[in-house]
Amino acid sequence: MDLFEYQGKQFFASFGIPVSAGEATDNVDEAVAIADRIGYPVVIKAQVQVGGRGKAGGVKLANDAAEAREHAVNILGLDIKGHIVKIIWIEVASDIAEEYYASFTLDRAAKKHLGMLSAEGGVEIEQVAVDNPDAIAKIWIDPVDGLTEPAARAWVEAAKLNPVATDGAVDILLKLYTAYVEGDADLAEINPLILKPTGEVHALDAKVTLDANSTFRHPEYEQYDASQVRDEREAAAHDKGLQYVGLDGSVGVIANGAGLAMSTLDVVNQVGGAAANFLDIGGGANADVMAGALEVINNDPRVKSIFINIFGGITRGEEVANGIITALGRVSIDAPIVIRLDGTNAEEGRAILAPHLNDALQMAPTMLDAARKAVELAAAR
Amino acid sequence: MSIFVDENTKVVYQGLTGSQGRYYGLLNRDYGTKVVAGTSPKKAGTDVDGIPVFATIKDAVAETGANASCIFIPAPGVRAAVMEAAEGGIEFIVCITEGVPAHDEAWFYNKLKRDFPGVQLLGPNCPGIISPGKCNIGITAGHIAKAAVPGEKNVGIVSRSGTLTYQALYELQQQGIGVTTCVGIGGDPVPGTTFIDCLKAFEADPETHAIMMIGEIGGSAEEEAADYIKSSVSKPVSSYIAGVTAPAGKKMGHAGAIVSGNTGTAKAKMEALEAAGVKVGLNPTEAGELMVEIVKGL
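These figures come from a predicted structure and were not determined experimentally. (Residues numbered from 1 in each chain as written. Chains lettered and ligands numbered in written order. Predicted model: local features only at pLDDT ≥ 70, side-chain atom pairs only at ≥ 80, totals over all residues. Heavy atoms only, no water.)

Peer 1: What should I look at first to understand the overall build of chain A in this one?
Peer 2: Regarding its fold elements, chain A presents 13 helices and 18 strands. For chain A, the spread of C-alpha atoms along the principal axes amounts to about 80 × 50 × 40 Å. Put simply, chain A has 381 residues, and 51% of those count as buried. Within chain A, residue pairs in contact and separated by at least 24 positions form 68% of the contacts whose partners lie at least 6 positions apart. Surface summary for chain A: the accessible area is close to 15700 Å², and the carbon and sulfur share equals 49%. In chain A, 31 side chains carry a positive charge and 56 a negative one; their mean positions are 4 Å apart. (Helix = DSSP H or I, 4+ residues; strand = E, 2+ residues; numbered from the N terminus. Buried < 20%, exposed > 50% of the residue type's maximum accessible area, 1.4 Å probe, protein only. Contact = heavy atoms within 4.5 Å. Areas by Shrake-Rupley, 256 points an atom, 1.4 Å probe, with all protein chains shown as cover. Lys, Arg positive; Asp, Glu negative; His and termini not counted. Charge placed at Lys NZ, Arg CZ, Asp CG, Glu CD.)

Set out below in structure tokens:
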């Protein structure tokens with residue numbers, strides 16, 4: 001779950017990390033009222049989950065109410081790399097002496113937490129890693145030990161920040177690590193982390209990704225889930241509890257198991273087509289889940305044909321076949337369907353499907369054959 | 001021979017009294033696995049179709065000699081369940097549960113390495129392990145796997161994906177090729193058992209003659225495995241990597257299956273494996289066919 005900046009700042013603030021005072025809104029009048037309340041100058045920032053918003057005109061300084069109104073009008077509704085701005089964040093403008101970078105994430109190869117700190121902040125860290133890798137001080141943290149104060153101090157010294165910033169940076173990094181661990185974040189990033197002329201260290205931005213698997217111990221994360229950016233198809237699938245990712249092709253895909261679903265997209269691509277989606281219905285492939293999956297796919301105007309790819313393991317072929325027939329009885333489908341059914345009791349399953357086959361419901365013996373047929377059918381419509 | 005488990009492995013099911021634990025525990029027993037116990041703090045003293053239920057792993061090990069465990073406990077209880085198994089004397093822990101927070105996984109992975117270096121954890125979010133004809137722990141359908149035949153050329157399988165593992169087992173069975181052990185390491189960011197752990201064990205197993213490795217996008221485990229194959233594996237390997245067409249930044253079902261920027265792509269993984277001499281198929285069927293060719297050429 002990716003958080004918007006304003007959510008990330010509220011998340012940071014709850015762990016004691018200093019952030020600028022501010023408020024979010026979706027409305028111009030409200031934005032001016034917030035700015036009046038906070039006191040000028042203020043910064044008005046577009047809330048989108050994509051980089052480069054400053055260059056796109058999504059971050060503006062306002063010195064009075066007239067400017068605040070003008071910027072709010074311009075930024076709300078702005079299209080930044082395909083993301084339409086629906087919310088703006090208005091905060092106290094900060095004086096900046098220096099800009100740094102700080103983050104924690106999981107290093108999957110090392111199986112440890114990785115902290116990155118750099119005196120070169122305010123730019124894309126990926127670019128710093130390419131241009132000047134020595135400018136990033138890294139620390140690997142064993143989750144059992146956690147981050148200690150002496151280790152954080154040595155890390156800050158290794159990053160060669162302005163010595164004035166040392167104490168403030170150590171304090172923020174310890175709090176950021178606590179937020180990362182206790183908040184179950186996949187990523188907790190501050191870019192830029194600023195040093196003010198007064199010597200204080202402060203989080204000027206917040207990029208946070210939370211682990212959706214951790215919601216059982218963070219019921220408050222429901223608010224973040226509700227504000228996730230999803231296209232209409234993804235939102236419909238999410239409501240049905242389906243593992244779905246929207247894509248741009250014309251072959252709707254339903255498969256059981258994440259690996260097989262990914263593999264299905266690959267095979268469709270290999271025979272010259274493109275999938276409209278990734279959809280994993282899990283191991284069971286029962287009628288309810290199948291009907292829900294078909295509904296989501298059927299409502300996607302991109303879809304010209306549907307490829308159902310099922311490998312029966314514990315779930316037997318006849319159960320899968322009966323599930324498909326029941327689901328088709330419940331949902332009226334516009335696009336032609338190609339089914340590939342293999343694995344446990346595949347023969348029995350195919351026999352159940354056989355009397356229902358016609359131009360709109362076909363069967364193919366292998367994944368490749370089924371993909372070819374589905375791509376052909378999509379091209380013909 | 002098999003790796004990690006064999007016909008003498010005695011398994012205790014953590015969560016045997018739950019619906020999933022009961023269903024798969026009994027299926028595994030029907031397959032021939034020595035399912036010796038279950039645990040449930042509230043149902044100690046009862047039994048599940050004759051399998052005794054104990055309050056703790058410690059009690060189950062003391063009474064039955066269990067040396068492996070299989071976890072079907074919901075995600076919030078997994079961290080405690082893994083540590084209870086290790087502290088209770090279990091040597092091989094299989095965690096089927098999906099949806100375990102990454103921070104918990106990273107924590108117990110490092111805790112086990114430090115305090116229980118002899119314990120092998122498989123999973124979380126994995127289908128389990130099957131040594132056909134000997135032992136099946138987890139949710140794999142036993143009848144789609146052909147047992148290894150002594151004197152013939154047999155294959156070992158290691159995979160990050162459940163259904164693609166079944167697909168591989170099934171295709172080898174259709175071709176009459178036996179499997180020594182099939183290990184599903186799972187699709188999460190911090191798997192307890194890695195490709196390299198399995199490659200090492202298959203390399204050392206005299207009955208395994210070739211290895212099939214099924215990977216997917218995300219992380220760098222396949223690249224690390226390629227390096228290991230190059231330096232330390234003499235047996236032929238065939239492979240398939242799922243997710244060639246996956247878009248960057250989207251989790252494809254598995255928590256660990258995500259392309260981040262330019263890292264974790266299927267293309268990079270396939271190239272690394274090919275450079276290590278691995279035969280890489282463009283789809284699961286092709287990887288199966290490549291394995292059939294390899295076995296026939298041995």
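Peer 1: Sorry if this is basic, but what is going on with the pattern of salt bridges here?
Peer 2: If the charged atoms of two oppositely charged side chains come close together, the side chains can form a pair. All names here are of chain A. One pass over the full model with this rule turns up 35 salt bridges over all chains. A salt bridge links Asp171 to Lys175; the nearest nitrogen and oxygen atoms lie 3.0 Å apart. Of this pair, Asp171 and Lys175 both sit in helix H6 (residues 166–182), four residues apart, which is roughly one turn of the helix. Each of Glu5, Lys9, Lys45, Arg53, Glu91 and Asp205 takes part in one network of salt bridges that share partners. (Salt bridge = Lys/Arg side-chain N within 4 Å of Asp/Glu carboxyl O.)

Peer 1: Hey, could you run me through the environment of A:Ala93 in this one?
Peer 2: Residue and element names in this part refer to chain A. Residue placement: Ala93 occurs in the loop between strand S6 (88–92) and strand S7 (98–107). With a relative accessible area of 23%, Ala93 lands in the partly exposed category. A sequence separation of 55 residues divides Ala93 from Ile38, and the C-alpha atoms of the two residues are 9.8 Å apart. In this structure Ala93 touches Pro41, Val42, Val43 and Leu61, once residues within four positions along its chain are discounted.

Peer 1: What should I look at first to understand the state of the cysteines in this one?
Peer 2: Formally, a disulfide is one covalent bond, and it connects the sulfur atom of one cysteine to the sulfur atom of another. Residues and elements named next belong to chain B. What the rule picks out here adds up to zero disulfides over all chains. We note that Cys182 lacks a disulfide partner, and the nearest cysteine sulfur, in Cys198, lies 9.6 Å from it. With a relative accessible area of 0%, Cys198 lands in the buried category. (Disulfide = S-S within 2.5 Å.)

Peer 1: Sorry if this is basic, but what is going on with the environment of B:Phe195 here?
Peer 2: Along the chain, B:Phe195 turns up in helix H6 (residues 195–204). Residues in contact with B:Phe195, not counting those within four places in the same chain, are B:Val158, B:Ser159, B:Arg160, B:Ile185, B:Met213, B:Ile214, B:Gly215, B:Ala221, B:Glu222 and B:Ala225.

Peer 1: Any chance you could explain the interface of chain A and chain B here in plain terms?
Peer 2: One frequently used descriptor of interface size is the decrease in accessible area upon assembly of the parts. The interface is formed by 46 residues belonging to chain A together with 59 residues belonging to chain B. In this assembly, chain A packs against chain B so that about 4100 Å² is buried in total across both faces, 59% of it on carbon and sulfur atoms. The interface formed by chain A and chain B includes five salt bridges. Here A:Asp142 ties to B:Arg114 by a salt bridge, and the two come within 2.9 Å at their closest N and O atoms. Where chain A packs against chain B, one counts 20 residue pairs in polar contact (both at pLDDT 80 or more). Taken together, the elements giving at least two residues each to the side of chain A that touches chain B come down to strand S8 (112–118), H6, strand S10 (185–195), strand S13 (243–246), helix H9 (258–270), strand S17 (337–343) and helix H13 (367–380) of chain A. The leading source of residues in the side of chain A that touches chain B is H9(A), at ten residues. Along the lines of polarity and charge, the residues of the side of chain A that touches chain B split into 20 nonpolar, 13 polar and 13 charged. (Buried area = accessible area lost by both parts, 1.4 Å probe. Polar contact = N/O pair within 3.5 Å; in protein donor to acceptor, adjacent residues only side chain to side chain. Nonpolar A, V, L, I, M, F, W, Y, C, P; charged D, E, K, R; others polar.)

Peer 1: Help me understand the environment of B:Gly192 in this model?
Peer 2: All names here are of chain B. Examined against the element boundaries, Gly192 turns out to sit in the loop between strand S11 (179–184) and H6. Owing to a relative accessible area of 7%, Gly192 belongs among the buried residues under this scheme. Put simply, Gly192 and Ala272 are 80 residues apart on the chain and 23 Å apart in space, counted from C-alpha to C-alpha. Ignoring anything within four residues of it in the chain, the contact list for Gly192 reads Tyr109, Gln120, Leu121, Gly123 and Asp197.

Peer 1: I keep staring at the nonpolar core and nothing clicks. Help me out?
Peer 2: Across soluble globular proteins, you tend to see nonpolar side chains buried next to one another. If you look at the biggest cluster of nonpolar residues, it comprises 100 residues, and the most contacted ones within it are B:Ile137, B:Val155, B:Ile157, B:Ile229 and B:Met252. Apart from the residues within four sequence positions on either side, B:Ile157 is in contact with B:Ala168, B:Leu169, B:Leu172, B:Val179, B:Thr181, B:Cys182, B:Val183, B:Phe202 and B:Met212. In terms of nonpolar packing, the next biggest core, distinct from the first, is built from 44 residues, A:Phe12, A:Leu161, B:Ala102 and B:Val190 among them. (Core = buried A, V, L, I, M, F, W, Y, C linked by side-chain atoms within 4.5 Å.)

Peer 1: Any chance you could explain the sheet that holds strand S3 (residues 59–62) of chain A here in plain terms?
Peer 2: The pairing of strands in a sheet comes from backbone hydrogen bonds and takes either a parallel or an antiparallel form. Residue and element names in this part refer to chain A. Across the sheet, which stays open at both edges, the four strands sit in the order S1-S6-S2-S3 with antiparallel pairing between neighbours. Every interior strand has two partners, whereas the edge strands, strand S1 (22–25) and S3, have only one. Ignoring which end each strand starts from, the neighbouring axes of this sheet average 20 degrees apart. Taken together, the five bridges between strand S2 (residues 42–46) and S6 define a ladder with antiparallel strand orientation. For Ala46, the partnering residue across the bridge sits in S6 and is Ile88. The strands touched by helix H2 (residues 28–38) within the sheet are S1, S2 and S6, with S1 carrying the most contacts at an inclination of about 175 degrees. Sheet strands in contact with helix H3 (residues 65–75) are S2, S3 and S6, and its direction is about 165 degrees off that of S3. (Pairing = 2+ DSSP bridges. Axes fitted to C-alpha atoms, helices over the stretch in contact; angles between N-to-C directions.)

Peer 1: What should I look at first to understand the pairing of strand S16 (residues 305–312) of chain A in this one?
Peer 2: All names here are of chain A. Within S16, eight of the eight residues are buried, which leaves the element mostly enclosed by the surrounding structure. Bridge count between strand S14 (residues 251–255) and S16: five bridges; the pairing is parallel. Pairing of Ile254 across the sheet is with Ile308, part of S16. Here S16 runs beside S17; their pairing, made up of seven bridges, is parallel. Counted as the bridge partner of Gly312 is Gly343 from S17. Remark: the S16/helix H11 (residues 317–330)/S17 crossover connection has right-handed handedness. (Right-handed = clockwise from strand over helix to strand, strands pointing away.)

Peer 1: What is the right way to look at the pairing of strand S4 (residues 51–54) of chain B in this model?
Peer 2: In the case of a regular strand, side chains alternate between the two sheet surfaces. Residue and element names in this part refer to chain B. Where strand S2 (residues 34–39) lies against S4, two bridges are found, and the strand directions are parallel. For Gly38, the partnering residue across the bridge sits in S4 and is Val53. As judged from the two bridges shared by strand S3 (residues 47–48) and S4, these two strands associate in the antiparallel manner. The partner of Val48 across the bridge, within S4, is Ile51.

Peer 1: Is there a simple way to explain the packing of helix H3 (residues 78–87) of chain B against helix H4 (residues 102–115) of chain B in this structure?
Peer 2: Residue and element names in this part refer to chain B. Between H3 and H4, the shortest axis-to-axis distance is 10 Å and the interhelical angle comes to 10 degrees. Taken as axis vectors, H3 and H4 run roughly parallel relative to one another. Considering the relative orientation of H3 and H4, their crossing is right-handed. Facing Val78, Arg79, Val82, Met83 and Ala86 of H3, the residues of H4 in contact are Asp104, Trp107, Phe108, Lys111 and Leu112. When its residues are assigned to classes, the contact of H3 with H4 shows seven nonpolar, no polar and three charged. (Parallel < 35°, antiparallel > 145°, perpendicular 65-115°, else oblique. Left-handed = near helix turned anticlockwise from the far one by under 90°.)

Shape is all these values report; function is a separate question.
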